[in-house]
Amino acid sequence: MDELIAEGGQIRKLWPFETGAYRDHLLRLDVASRRNRFGGAVSDDYIRSHIRDLNHLDAVLYGFFVDGTLHAAAELRPIGTWKSGEAEAAFSVEQNWQSHGVGSALLERILLTARNRAIKHLHFACLAHNQRMQQLARKFDADLRFDFDSVVGEVRAQRPTPMSMVREAAADGYALVNAMLDAQTRLLKPR
Ligand SMILES: CC(C)(COP(=O)(O)OP(=O)(O)OC[C@H]1O[C@@H](n2cnc3c(N)ncnc32)[C@H](O)[C@@H]1OP(=O)(O)O)[C@@H](O)C(=O)NCCC(=O)NCCS
């Protein structure tokens, strides 16, 4: 599943040692994308503290990498604990990569991960005017029942299956190898 999409990019899970790349990606978002991602205007310091909080929240992160640089991400965090059956998802795609199918590929990963953790209710932090995010969610109406007034999606196939678990585990194996290769690419890049 760690497939190549859109001009040589790669989608994979992020590991705890990669939160710096996630912070740098969020800081690079243009003003409108940053506002849409966080549901309002936020400062650089807010983003730094959001990243620090992630370490305590048991979040699952997926990233879209090109040449070792993270250009888009999806964050899935439980509301309370994973046992609550509720989670919140948020997406961020840098402007140059929007409308290339990256958000769709990230939402697919988030739905698989949510399913494997028996999440029934998935909340999307989505401003009412954010048509692109709403269009994206609508594309997945086979998997999600979406009520835009309350920005809560219900994951339809709620139970994990052996196949869904294997799909995530297999992707994790590739993700770890690729995380190492991306770290190496970053080290070798001229500053
Ligand atoms: C919202 C966001 C995640 C969507 O990701 P994306 O990679 O741009 O979306 P995709 O290319 O996968 O397109 C998804 C669907 O959105 C719709 N879409 C794409 N570009 C669009 C545009 N310019 N205007 C309106 N709808 C658009 C299309 O229906 C598309 O599906 P299709 O191409 O199969 O028809 C991304 O644009 C983003 O990060 N925006 C800034 C932050 C944000 O809004 N986050 C969401 C709140 S958490």
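Below is a summary of the structure that appears in this document. All figures in this text were calculated on a predicted structure; none of them were measured in a lab. (Residues numbered from 1 in each chain as written. Predicted model: local features only at pLDDT ≥ 70, side-chain atom pairs only at ≥ 80, totals over all residues. Heavy atoms only, no water.)

## Quick look at the nonpolar core
Then, number 1: L76, F91, L106, I110, L122 and F124 are the most contacted members of the largest nonpolar core, which totals 30 residues.
Then, number 2: At the level of elements, β3 (60-66), β4 (69-78), β5 (86-93), α4 (102-116), β6 (121-124) and α5 (131-139) are the ones that each hand at least two residues to this core.
Then, number 3: Of the residues forming this core, the biggest block, 7 residues, is contributed by α4.
Then, number 4: With 14 residues, the next largest nonpolar core counts Y22, F38, V42 and I51 among its residues. (Core = buried A, V, L, I, M, F, W, Y, C linked by side-chain atoms within 4.5 Å. Buried < 20%, exposed > 50% of the residue type's maximum accessible area, 1.4 Å probe, protein only. Helix = DSSP H or I, 4+ residues; strand = E, 2+ residues; numbered from the N terminus.)

## Topic: the pattern of salt bridges
Where side chains of opposite charge bring their charged atoms close, a pairing between them can arise.
Then, number 1: This model, assessed by the stated rule, comprises 7 salt bridges.
Then, number 2: Across the pair R37 and E75 runs a salt bridge whose closest N-O atoms are separated by 2.8 Å. Pair noted here: R37 is in helix α2 (residues 31-38) and E75 is in strand β4, with a separation of 38 residues, a long-range link.
Then, number 3: On the basis of relative accessibility, which here comes to 6%, the residue R37 falls in the buried class. (Salt bridge = Lys/Arg side-chain N within 4 Å of Asp/Glu carboxyl O.)

## Focus: the site of the ligand
Then, number 1: Around the ligand, a shell composed of 21 residues is seen, among which V93, S99, G103, S104 and N130 lie nearest.
Then, number 2: Within the side chain of K139, an N or O atom sits 2.9 Å from an oxygen atom of the ligand.
Then, number 3: Computed on the free molecule, the ligand has an accessible area of 940 Å², of which 76% lies beneath the protein chains in the complex.
Then, number 4: Tallying contributions element by element places α5 first for the shell around the ligand, with 5 residues.
Then, number 5: Looking at the shell around the ligand, its residues break down into 7 nonpolar, 11 polar and 3 charged. (Near = heavy atom within 4 Å. Polar contact = N/O pair within 3.5 Å; in protein donor to acceptor, adjacent residues only side chain to side chain. Areas by Shrake-Rupley, 256 points an atom, 1.4 Å probe, with all protein chains shown as cover. Nonpolar A, V, L, I, M, F, W, Y, C, P; charged D, E, K, R; others polar.)

## Quick word on the packing of aromatic side chains
Then, number 1: Evaluated as defined, the whole model comprises 3 aromatic pairs.
Then, number 2: Considering the side-chain rings of F38 and Y46, the 5.7 Å spacing of their centres and the 85 degrees angle between planes classify their relative orientation as edge-to-face.
Then, number 3: Among the residues examined, F38 registers a relative accessible area of 15% and is labelled buried.
Then, number 4: When its relative accessible area of 41% is taken as the criterion, Y46 is described as partly exposed.
Then, number 5: Here the aromatic rings of F91 and F124 are separated by 6.2 Å at their centres, their planes lie at 10 degrees, and the arrangement is stacked. In this pair, F91 is assigned in strand β5 and F124 in strand β6, connecting sequence segments 33 residues apart. An identical accessibility class is assigned to F91 and F124; each is buried.
Then, number 6: When the ring centre of F65 is taken as origin, the NZ or CZ atom of R12, which lies over that ring, is 4.0 Å away.
Then, number 7: For the cation-ring pair, R37 lies above F38, with the distance from its terminal atom to the ring centre recorded as 4.4 Å. (Phe/Tyr/Trp six-rings, centres within 6.5 Å; stacked < 30°, edge-to-face > 60°. Lys NZ or Arg CZ within 6 Å of the ring centre and 35° of its normal.)

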